[in-house]
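A closer look at the structure
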Amino acid sequence: ERAGGEGWQAVVIGAGQAGLAAAHELARRGLRPSEDFAVLDASPGPGGAWRERWDSLTLGRAHRVADLPGLPLGSPDPRAPASRVVSDYYDRYERVFDLRVQRPVRVRAVRASGLAAPALRLGRPSLRSRAPGQTGESGVPRDTWLAVEAEAAGRPRTLLARMVISATGTWTHPYVPWVPGAPGFRGRQMHTAGYRRAEDLAGARVVVVGGGLSAVQFLLELAPVAASTTWATRRPPNFTRAAFDEQWGAEVERAVDRRTASGTPPASVVRTTGIPLLPEYLRGVREGVLVSRGMFDRVGLEGVRFSPDALTGEQARGGLGPSARDGSGGAGELVVPESWRPFEEPTWVEADVLFWNTGFRHALTHLAPLRLREPGGGIQMSSRVAVARDPRVLMVGYGSSASTLGATRAGREAGRVAVERLGPAARRR
Ligand code: FAD
């Protein structure tokens, strides 16, 4: 890939919030964009996942979009679509710091090349691999190049890298739970990732699935234009009085970190954050729009069957919090009891559209050849960004850093750790 067979010091995969923050930190610490490190992004333009989001998601309605390091977002119009504002912001960021993002370049796989590379410096114990079976520094893959196999304009391309910073987000991996009968449904099934505007569902009978903020916001948008809306959640809606402040944010991050430190897949941030008590949401509850009817356990040709068993069975498998059946939302208290009215008998509800707002999974298939997963399905992290099994790989936007604030912080940390591991030879300026 490089003249003379030289590889890259680092390749950053993905140019969303996390990837840009990492690239910025690499540059700030003396690595040169397009010389020492490359940033590859599958999207046709700047903005990461934000450029794909629906029109009605304005900055005022987003939780919060954190600043990237070194160039604040400023105070754009809160009524402007977040997709446009954030794409413009990232575009500006890439140009101001001359990060030379290459796009559209999709990484298909990262593999061990077996070719000898300058060894990484893993001096401090916190930087060493703690992978079971790969003890200490012996056996730790730190002195061979990684082969980053990508596709650009339909052409394969391979880059050799001493380190990879993976920042691919979740947007490309929508998650839909399996429910018997779903493949036979005659209506339309769609996921959060495919939503553009409420008018597209005008006149339809819509079942909205999921207990997170996307479901809540879509229900309120769809109610005036749809023929009907029905809300399906496995648990009582998790309204919370918690102030979305820094202390609360730190607690959420610690909870997710505990999971990734043990190699367990990270819990959904949506599930951890809860629904704030906004006046428009409470109005939605009063008007019957934000009232969950429980969950369905069967999809028919023309609708879904809600059943109390969907809740009991789920609880039996440990999926529901201990207090969910008594309606207390798992937190010991049901904050808005009127929002939970599950069907007490099996009940068919006819539907034209099943709208799954059931979250995303981390986009990690490109890392599969490196076999980073633990038996539990997660990737064990030895710090917020460092993968325990392979010191050549850092991940940002994974686990506790899957928020715009967390992604920025983790990106910075990844840049710092990468430069430490690459050692002084990497900084040629
Ligand atoms: P992304 O922004 O997804 O960027 C990943 C980039 O990697 C993309 O450009 C993609 O094209 C590229 N990519 C993916 N795969 C490959 C590949 N194989 N090869 C090359 N490039 C690839 N967080 C908040 O803090 N506040 C909010 O209000 C908020 N709202 C959200 C709403 C929704 C619906 C979702 C799904 C998430 C929301 N989040 C929010 C979470 C937040 O968006 C993210 O945590 C953060 O912006 C993600 O940044 P990222 O850089 O990790 O990923």
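Residues numbered from 1 in each chain as written. Predicted model: local features only at pLDDT ≥ 70, side-chain atom pairs only at ≥ 80, totals over all residues. Heavy atoms only, no water.

Let's talk about the side chain of His362
Spelled out, the test is: Under the scheme used here, helices are H or I runs from DSSP no shorter than 4 residues and strands are E runs no shorter than 2 residues, and both carry numbers assigned from the N terminus. Throughout, a contact is declared for two residues whenever any of their heavy atoms are within 4.5 Å.
Along the polypeptide, His362 turns up in the loop between strand 15 (353–356) and strand 16 (393–395). Setting aside residues up to four positions removed in sequence, His362 forms contacts with Gly169, Thr170, His173, Pro266, Gly397, Tyr398, Gly399 and Ala402.

Some thoughts on the pairing of strand 15
Applicable threshold: Throughout this description, buried means an accessible area under 20% of the type-specific maximum (1.4 Å probe, protein chains only), exposed means over 50%, and partly exposed covers the range between. Any two strands with at least two DSSP bridges between them are considered paired.
Side-chain alternation along strand 15 places Val353 and Phe355 on one buried face and Leu354 and Trp356 on a second face that is also buried. Alignment of strand 7 (residues 188–191) against strand 15, held across four bridges, turns out to be parallel. When the sheet's bridge partners are listed, His191 is paired in strand 15 with Trp356. Sheet analysis places strand 8 (residues 205–209) next to strand 15, joined by four bridges and oriented parallel. Pairing of Val206 across the sheet is with Val353, part of strand 15.

A short note on the pattern of salt bridges
How we decide: Each reported salt bridge corresponds to a side-chain nitrogen of Lys or Arg within 4 Å of a carboxyl oxygen of Asp or Glu.
Throughout the structure, instances matching the rule amount to 20 salt bridges. Its salt-bridge partner being Asp36, residue Arg32 comes within 3.1 Å of it at the nearest N-O pair. A residue is classified by how much of its surface remains accessible, and Arg32, at 25% relative accessible area, is partly exposed. The residue Glu374 makes a salt bridge to Arg389 at a minimum N-O spacing of 3.0 Å. Of this pair, Glu374 sits in the loop between strand 15 and strand 16 while Arg389 sits in the loop between strand 15 and strand 16, placing them 15 residues apart in sequence. Residues participating in the shared-partner salt-bridge network are Glu25, Arg28 and Arg29.

Let's talk about the sheet that holds strand 8
Rules: Between N-to-C directions, angles cover 0 to 180 degrees, with each direction set by a line fitted to C-alpha atoms, over the stretch in contact for helices.
Pairing is parallel across the open sheet formed by four strands, whose spatial order is 7-15-8-9. Across the chains shown, the open sheet's two edge strands, defined by having one partner strand only, are strand 7 and strand 9 (228–232). With strand direction ignored, the average angle separating the axes of adjacent strands in the sheet is 20°. Lying over the sheet, helix 3 (residues 213–222) contacts strand 8, strand 9 and strand 15, oriented at roughly 165° with respect to strand 9.

Brief notes about the sheet that holds strand 14 (residues 347–350)
Hydrogen bonds between backbone groups are what pair the strands of a sheet, and the pairing can be parallel or antiparallel. Strand order in the open sheet formed by three strands is 12-13-14, with antiparallel pairing between adjacent strands. If you trace the sheet from one side to the other, it starts and ends with strand 12 (296–299) and strand 14, each paired once. The mean inter-strand angle of the sheet, taken between neighbouring strand axes irrespective of direction, is 30°. As judged from the three bridges shared by strand 12 and strand 13 (residues 303–306), these two strands associate in the antiparallel manner. Counted as the bridge partner of Phe296 is Phe306 from strand 13.

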